Amino acid sequence: MLVDPRAGREGAPRLSLPAGTAPDDVAGALRCLLAAEGGPDRILIVVGGEEVGATSGTYLRAILGTQASRGPGDEVRAAAPGESTRFGVVAFRCAVCGSSAYTAFYDDRYRPECREGDHGPMELR
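Thresholds, definitions, all that
Residues numbered from 1 in each chain as written. Predicted model: local features only at pLDDT ≥ 70, side-chain atom pairs only at ≥ 80, totals over all residues. Heavy atoms only, no water. Phe/Tyr/Trp six-rings, centres within 6.5 Å; stacked < 30°, edge-to-face > 60°. Helix = DSSP H or I, 4+ residues; strand = E, 2+ residues; numbered from the N terminus. Core = buried A, V, L, I, M, F, W, Y, C linked by side-chain atoms within 4.5 Å. Buried < 20%, exposed > 50% of the residue type's maximum accessible area, 1.4 Å probe, protein only. Pairing = 2+ DSSP bridges. Arc of directions from axis to C-beta. pLDDT = per-residue confidence, 0-100. Contact = heavy atoms within 4.5 Å.

Inspection of every chain in the model, using the stated rule, returns 1 aromatic pair. Relative to Y106, the ring of F92 has its centre 6.0 Å away and its plane inclined at 10°; by these criteria the two rings are stacked. Separated by 14 residues along the polypeptide, F92 in strand β4 (residues 90–93) and Y106 in the loop between β5 (100–103) and β6 (123–124) bring together distant segments of the chain.

Structure below.
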């Protein structure tokens, strides 16, 4: 439901999420991207290293605007046991060519690498 069949994958920045991420949590990370100033117009969704598909901001605003709102405490996981499954988005940019990538986690060992050339790991934006 989150994949826009008309959005092209080629050249789209990637949003990388851990394996097993629930669709609602993917939607939440995409919402963060849409709310960010200067966010991308389309994004390639990658879950557990596997490309799920591309989507666009226009498509997501239409789809996510129709979803039911969450209940009290859902966003802060009030009194819920275990680790949080709510993600924020971390933005990266290539220092050489300026291309972008996004992840839902930060671990310096797994920084996104520039896919436009042999430019190496991207920097935090």
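From this point, the discussion proceeds with the structure in view.
Core analysis: the largest hydrophobic core is formed by 16 residues, its most contacted members being L2, L15, L17, V26, L30 and I45. For this core, the secondary structure elements donating two or more residues are β1 (14–17), α1 (23–35), β2 (42–47) and α2 (57–64). Examining the composition of this core, we find that 5 residues originate from one element, α1, more than from any other.

Backbone-to-backbone hydrogen bonds pair the strands of a sheet. The strands run either parallel or antiparallel. Pairing is mixed across the open sheet formed by 6 strands, whose spatial order is β3-β2-β1-β5-β4-β6. Each end of this open sheet is capped by a strand with a single partner; those strands are β3 (50–56) and β6. Pairing geometry for β4 and β6, over 2 bridges, is antiparallel. Bridging across to β6, F92 finds its partner in L124.

The subject of this paragraph is the pairing of β4. Bridge count for β4 against β5 is 4 bridges, and the pairing is antiparallel. Looking at the pairing, R93 lines up with S100 of β5.

Looking now at α2. Residues G57, L60, I63 and L64 constitute the buried set of α2. Down the axis of α2, the buried side of the element spans an arc of 130°, and every buried residue falls inside it. Residues T58 and R61 are exposed on α2 and point more than 90 degrees away from its buried face.

Along β2, 5 of the 6 residues are buried, which leaves the element largely enclosed by surrounding structure. Alignment of β2 against β3, held across 6 bridges, turns out to be antiparallel. From the neighbouring strand, I45 faces β3, where its bridge partner is G53.

Another aspect to go through is the confidence of the model for the protein chain. Scored by pLDDT, the protein chain comes out at a mean of 80, with 81% of its residues at no less than 70. Counting interchain partners and residues more than four positions distant, the pLDDT-below-50 stretch residues 66–71 has 6 contacts.

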